[in-house]
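Topology and contacts: notes
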Amino acid sequence: MSSGKELTTGTRGRLQAWMREKGMTQAAAAKRFGYNEATLSRYLTGTYAGDVKAFEVVVEEVLAADSRRQAWRDFYVETQGVGNR
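Read on for a plain summary of the structure. (Residues numbered from 1 in each chain as written. Predicted model: local features only at pLDDT ≥ 70, side-chain atom pairs only at ≥ 80, totals over all residues. Heavy atoms only, no water.)

Take the packing of aromatic side chains next. Summed over the entire model, instances satisfying the criterion amount to four aromatic pairs. A centroid spacing of 4.6 Å and a plane angle of 40 degrees characterise the contact between Tyr43 and Phe55, whose relative ring orientation is tilted. With Tyr43 in helix H3 (residues 37-45) and Phe55 in helix H4 (residues 52-80), the pair connects residues that are 12 residues apart, well separated along the chain. In this structure, Tyr43 and Phe55 share a single accessibility class: buried. A centroid spacing of 5.7 Å and a plane angle of 55 degrees characterise the contact between Tyr48 and Phe55, whose relative ring orientation is tilted. Geometry around Tyr43 places Arg12 over its ring, the cationic atom sitting 4.9 Å from the centre. (Phe/Tyr/Trp six-rings, centres within 6.5 Å; stacked < 30°, edge-to-face > 60°. Helix = DSSP H or I, 4+ residues; strand = E, 2+ residues; numbered from the N terminus. Buried < 20%, exposed > 50% of the residue type's maximum accessible area, 1.4 Å probe, protein only. Lys NZ or Arg CZ within 6 Å of the ring centre and 35° of its normal.)

Here you go:
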């Protein structure tokens, strides 16, 4: 069983990797999650004093939705031969 700290670190790591992969700024990512940039910055540095669990639920939902969208895009490209012309 994992502790809350491990969950937080895992979510934070996934968020940072996602931002790097997408070339996304903190401002753009914060907007995507419905938070302001200062809140995201505090979360990423481990100084966010708000409801970390609630913040992480939002982050995980957005990351999961983005992953599903990417899977559909990949499927479409593969089945339609887009880019293979």
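Along helix H2 (residues 26-33), the positions that sit buried rather than exposed are Ala29, Ala30 and Phe33. The buried residues of H2 occupy an angular sector of 100 degrees when the element is viewed end-on, so they sit on one face. Note on H2: the residue one or two positions beyond its end, Gly34, has a positive phi of about 85 degrees. (Arc of directions from axis to C-beta.)

Tracing the backbone through its elements, the reader meets Gln26 in helix H2. In this structure, the C-alpha to C-alpha distance between Gln26 and Asn36, residues 10 residues apart in sequence, is 9.1 Å. In contact with Gln26, other than residues within four places in its own chain, are Met19, Glu37, Leu40, Ser41 and Leu44. (Contact = heavy atoms within 4.5 Å.)

Now for the nonpolar core. Grouped together as the largest cluster of nonpolar side chains are 14 residues, with contacts concentrated most on Leu15, Trp18, Met19, Ala29, Phe33 and Leu40. Those elements that place two or more of their residues in this core are helix H1 (4-22), H2, H3 and H4. Of the residues forming this core, the biggest block, four residues, is contributed by H4. (Core = buried A, V, L, I, M, F, W, Y, C linked by side-chain atoms within 4.5 Å.)

On to the side chain of Glu56, then. For Glu56, the location among the structural elements is in helix H4. Despite its burial, Glu56 pairs with no opposite charge, the nearest such side chain being Lys53 at 4.8 Å. Only 2.8 Å separates the side chain of Glu56 from the side chain of Tyr43, close enough to count as a polar contact. (Lys, Arg positive; Asp, Glu negative; His and termini not counted. Salt bridge = Lys/Arg side-chain N within 4 Å of Asp/Glu carboxyl O. Polar contact = N/O pair within 3.5 Å; in protein donor to acceptor, adjacent residues only side chain to side chain.)

In total, this model carries four salt bridges according to the counting rule given. Lys22 is the salt-bridge partner of Asp66, the closest N and O atoms lying 3.2 Å from each other. Of this pair, Asp66 sits in helix H4 while Lys22 sits in helix H1, and the two are 44 residues apart along the sequence. Given the relative accessible area of 7%, Asp66 is considered buried. Across the salt bridge formed by Asp66 and Arg32, the nearest N and O atoms sit 3.4 Å from each other. With Asp66 in helix H4 and Arg32 in helix H2, this pair connects stretches of sequence that are 34 residues apart.

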